[in-house]
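Summary of structural features
Read off the chains here:
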Amino acid sequence: MSDVAPARPILSMAGIVKEFPGVRALDGVDLEVVPGEVHCLLGQNGAGKSTLIKVLAGAHQPDEGTITWQGEQVRLSTPMAAMRLGIATIYQELDLVDGLSVAENIFLGHEKTAAGFTRRGQENAEARRLLARLGHAEIKATREVGLLSAAGKQIVSMARALSHDARLIVMDEPSAVLAHDEVDNLFRVIRDLTASGVAVVYISHRLEEIRTAGDRVTVLKDGRTVATGLPARTTPTRDVVSLMTGRTIEYAFPPRPETEVEGDELLRVENLALAGSFRDVSFRVRAGEIVGLAGLVGAGRSEVLETVYGARRRTSGTVTLNGKNLPAGNVSAAVRAGLGLAPEERKSQALLLGEPLVRNISLASLPRFARFGWVNRSRELTEATAVTESLEVRPPDPTRLARTLSGGNQQKVVLGRWLLGGCRLLLLDEPTRGVDVGARSEIYGLIRRLADSGVGVLLVSSEVPEVLGLADRVLVMREGAVIHEAPSGDLDEHRVLDMIMEGSAA
Amino acid sequence: MSEPVASSQELAADVTTDEQARVERAAEVAGESGPLQSVRRNQLLSAMLRNVGLVVVLIVLAIIGTLTSDNFLTIDNLRNILVSSSVIGVVSVGMTFVIIGGGIDLSVGALVALASVWATTVATQDYGAAAMVACALLVGVGAGLVNGLLIAYGRLVPFIVTLAMLVSARGLAAKMADNRTQIVKVQTIIDIARKDVIGVPMLVVILAIVVAAGWVLLNRTTFGRRTFAIGGNPEAARLAGIDVRRHTASLYVLSGLCCGIAALMLMARTTTGSSTHGNLYELDAIASVIIGGTLLSGGKGTLIGSILGVLVFQTITNIFILNNLATEVQNIAKGLIIVAAVLLQSRTTREAKT
């Protein structure tokens, strides 16, 4: 399969544009896939890969551009329309129904029936066959999917795609939850598929997988196709990485302090582990220092943050703040000790969207405004207003509902909550997700100002330039372990990407 | 993680850790925690255990009934319990579908009332029994369709839509009947409650048919399968190509249809149509479905559980009546039963899982 003949493409997408409120997620993407090839889609987080495959699956409608399927222009108006053409998608977020059995999930939407009655025996037999083909005959077709592990669910998703007799199968990071030997198994299945003429669009962050399984590579950056049809095995890593990097948009990062931060040690994490996520993580954060965690989604970065915060109960290790040991799995104790978390899912995990800003800001420090449980609302308003003013939240009206603010201003409100509480160590998970470019530099400035005032910051971001630009020191994580630690001045984007994709900590 | 772990730089190449992780992962993939067991049998067992709590409650109630009253364990009384379960049982079948599908229908009682009034107007009765049956069913289906369209296509919250339907359907029923009770004069309808089929009251036969049809629909057809799917994970259902909105709407139509059938049964039993029929049926039906093991959040549940739930409530009522106890006391007991049954049940399902 190494040299793909210039066969007639089964799928070509041209000039695909998709806009969401405030974001142009796809800005002219071209993709061409020929039958029987494994076409790899590469790009950093936020480059538009997920949006692209949702367009391909019929879950999103593109605003512009054309999709040609087997020589004919088509509109994929519903997921059903895409499936009918023979496009099956394995999603990253494992969209299975927990309450149904394995076989029922595999055939959901295209049940085997006789006059409306499900033929369960036939479905179970077929499901067993598919699971065996995937090398997982030990998964029972009648088992409830909710009782399976993440990897087991991934395999059910794959069986479902196979059950469709698809001509094109899209796999969104299928290896993320699989162990090494299971990945080999996956490749064997992919080889079977392509040998029978099925095309596979394969998304992965791991270059070694793309080298093993892929035929051609298309690279996306900032919602655009920057290279297409690269040979997967022979294109040098350096070229691939440089295509993915080099942002077209320059972020303005605030200057770092001239001298190295020499504050007192604030946080000490030793041999921290969370079963199934990460192990043996040790690091320190000084007062006034910004420490960044770089790595892929699934490398365990957010889990480290949440475990330090006590939102997850650590399996082993210690967390010490200012010399005081923090109990495992106790958020209240962490907050009392001076920790604050700005979580990844801002809207669902941090904000009361239907409440005014003032209540969002005072949430974590209500006791300060209360006497015998009675909230002094005028003092609450005064102090919250001071915070919104110092953070330059726009519009500058603390009585507005949180819902009505832009992503950047919402993020400022979350930061403001911890400012008011007198937080000493701030944990930031993807602080600029969904924040537009202009507001980003403001958030960066704000984080730096916080650090200058003596707050320690632990930062997680999927965007390597952000970690490098903002943090003083960087920890690189891969598959649940810290593989490298260095001052950010000693690293560049290429090296970090090499490390997290190839696993070489050279 | 009691194993000594290598320093972070070496981890990627550490073969032993890798090997160990592989074995752990294989077990994890299959979702097994111990030695391989017969998963299938396990599953069957847990499905049965889900209803065991209710059967235990029923048995305890039967013992209490037998001890406190000589009349409890008689054929006549057991017939009574079944007959009084039949109307609310039919309503609970529709409710089970709606709740498994992730919704709620507060309008069932009001729809029973409206259907009973509409089918017993002088004009309808003039056309005979067939017209009355058709009328009651159509009123139920029609009102259910309005619910369904507003919820699925108007994207309104089921709680609000069916609450509005509850209020307005009862209002319409009262207006149509001019606040009077309408007498059923067609003998065929009245006979439904008088006649037996091989020794079993016709009302109970109707309940059995509705339950059987509902069970097949829920457990053996694509419709039922998809109902679980849209209640359990609507986004997954959508991406699997299921028309979630149309399906949601049809669940309320189904509930409305059950209300129409229930209205006919109630008309036969009481020989009347009235805007006060079916009062608080929504609460009885929801309570039965919930103590029957159906998740209020949708995606999980059984029809048999719902029917057991109905039987539990009717048996309590029966015992209280036999012992001449006031309805106030009955209601307190009902509340306690709801909490007790649900507690018992979550205990047994948890044990079945481990």
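Residues numbered from 1 in each chain as written. Chains lettered and ligands numbered in written order. Predicted model: local features only at pLDDT ≥ 70, side-chain atom pairs only at ≥ 80, totals over all residues.

Section: the domain arrangement of chain A
Where the parts come together, the accessible area they lose is often given as the size of the interface. All names here are of chain A. Our working definition: For each domain, the first and last residues come from an automatic or database assignment. Any pair of residues counts as being in contact when their C-beta atoms, constructed from backbone geometry, are within 7 Å of one another. Runs of E in the DSSP output that reach at least two residues are strands. Runs of H or I that reach at least four are helices, and both are numbered from the N terminus. Here the term charged refers only to Asp, Glu, Lys and Arg, the term nonpolar to Ala, Val, Leu, Ile, Met, Phe, Trp, Tyr, Cys and Pro, and the term polar to all other amino acids, Gly among them.
Domain assignment breaks chain A into domain 1 (11-244), domain 2 (266-338 + 424-501) and domain 3 (350-423). Computed from C-alpha coordinates alone, the two centres of domain 1 and domain 2 are separated by 32 Å. If you look at the interface, domain 1 gives eleven residues, while domain 2 gives ten residues. Counting residues per element, the side of domain 1 that touches domain 2 draws most heavily on helix α8 (residues 237-244), which supplies three residues. Partitioned by chemical class, the residues of the side of domain 1 that touches domain 2 number three nonpolar, seven polar and one charged.

Details of the nonpolar core
Applied cut-off: The term nonpolar core refers to a group of buried residues, namely Ala, Val, Leu, Ile, Met, Phe, Trp, Tyr and Cys, whose C-beta atoms join them within 7 Å. With C-beta atoms placed from the backbone, a residue is buried if 20 or more other C-beta atoms are within 10 Å of its own, exposed if 12 or fewer are, and partly exposed between those counts.
A:L459, B:V91, B:V112, B:L114 and B:A262 are the most contacted members of the largest nonpolar core, which totals 239 residues. At 16 residues, the largest contribution of residues to this core is made by helix α13 (residues 244-270) of chain B.

Quick look at unusual backbone geometry
Cis geometry is adopted by the peptide bond preceding A:P395, which originates at A:R394 and carries an omega value of -5°. Structurally, A:P395 can be placed in the loop between α14 (377-391) and α15 (407-420). A positive phi angle is found at A:N271, which is not glycine, with a value near 50°. The topology assignment puts A:N271 in strand β13 (residues 265-274). On the basis of neighbour count, A:N271 is assigned to the partly exposed category, with 14 C-beta atoms found within 10 Å. The backbone phi angle of B:N324 is positive, close to 55°, even though this residue is not glycine. Counting through the fold element by element, B:N324 comes out in the loop between α15 (303-322) and α16 (327-353).

Some words on the environment of A:E502
All names here are of chain A. By secondary structure assignment, the location of E502 is in helix α18 (residues 493-502). Taking the C-alpha atoms as reference, E502 lies 9.5 Å from R478; in sequence the two are 24 residues apart. Not counting residues within four places of it along the chain, the set of residues in contact with E502 comprises L207, E208 and T237.

Quick word on the sheet that holds β13(A)
Residue and element names in this part refer to chain A. Selection criterion: The rule for pairing is simple: two strands pair if DSSP sees at least two bridges between them. Only the stretch in contact is used when a helix axis is fitted, and all axes are lines through C-alpha atoms; the angle between N-to-C directions ranges over 0 to 180 degrees.
Read from one edge to the other, the open sheet built from four strands follows the order β14-β13-β16-β17, with strand pairing classed as antiparallel. One side of each edge strand has no neighbouring strand; the edge strands of this open sheet are β14 (278-286) and β17 (324-325). As judged from the six bridges shared by β13 and β14, these two strands associate in the antiparallel manner. Each residue of the ladder has a partner; that of L267, found in β14, is V285. Helix α9 (residues 301-309) rests against β13, β14 and β16 (316-321) of the sheet, and its axis sits at about 115° to β13.

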